[in-house]
Every structure is written in structure tokens, then in C-alpha cells.
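This is what each chain is made of:
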Amino acid sequence: MEFIVDLNKVEDVKEFVRLADIYDADIIVRSMDRTYAVDASSLMGVFSLDLGKPVVVSVSEKEIGESFIEAVGKYVM
């Protein structure tokens, strides 16, 4: 399952990473051009992406993905 989020504030990134760390699934954040991919529960990893643009989030399990989308809904585009 994939969706796009906009994380343009430091506090947004911290909250997103905190929420990603709760879920027991592979949650990957990729640059829009899909050149770079990092673990969503890694604060340093997410900050290493170009957050001036939206990023693509991939969740390995559909049910967990649906729950995660609800949890981070305010960032979803």
C-alpha cells in the first residue's frame, strides 16, 4: 500500500516517525523520484530526504497500512 505525505515541519517529521515506530510492519519512505528509500521509524533517515517535496510512503501490510494512514492523516496528500 502506498500514499503520499507532506512533512514540511520538524515537528511533523518527529510525530510521523514516532507513529511509524509503533506499527509492526515495514514502513518505507521514498523520495518522489524513488531514488532514495529509508525506514520510516528512523528520524535521521527521514530527515536525510528532501522534505521540501512530498514523499511516498509504502506499508508492507494492507491492514496496518490503512491504520497508519488514519494515524498520519493530517500529513496525507
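See above for the structure.
Summary of the structure given here. (Residues numbered from 1 in each chain as written. Predicted model: local features only at pLDDT ≥ 70, side-chain atom pairs only at ≥ 80, totals over all residues. Heavy atoms only, no water.)

Some words on the pattern of salt bridges
Pairs can form between side chains of opposite charge whenever their charged atoms are close.
1) Next: In the structure shown here, the tally under the stated rule is five salt bridges.
2) Next: Glutamate 2 is paired through a salt bridge with arginine 34; the nearest N and O atoms lie 2.9 Å apart. Here arginine 34 lies in the loop between β2 (27-31) and β3 (37-39) and glutamate 2 lies in strand β1 (residues 2-5), a separation of 32 residues in the sequence.
3) Next: As a salt-bridge pair, glutamate 15 and arginine 18 come within 2.9 Å of each other at their nearest N and O atoms. Of the two residues, glutamate 15 and arginine 18 both sit in helix α1 (residues 10-22), three residues apart, roughly one turn of that helix.
4) Next: Judged by relative accessible area, glutamate 15 falls into the partly exposed class, the value being 27%.
5) Next: For arginine 18, a relative accessible area of 44% puts it in the partly exposed group. (Salt bridge = Lys/Arg side-chain N within 4 Å of Asp/Glu carboxyl O. Helix = DSSP H or I, 4+ residues; strand = E, 2+ residues; numbered from the N terminus. Buried < 20%, exposed > 50% of the residue type's maximum accessible area, 1.4 Å probe, protein only.)

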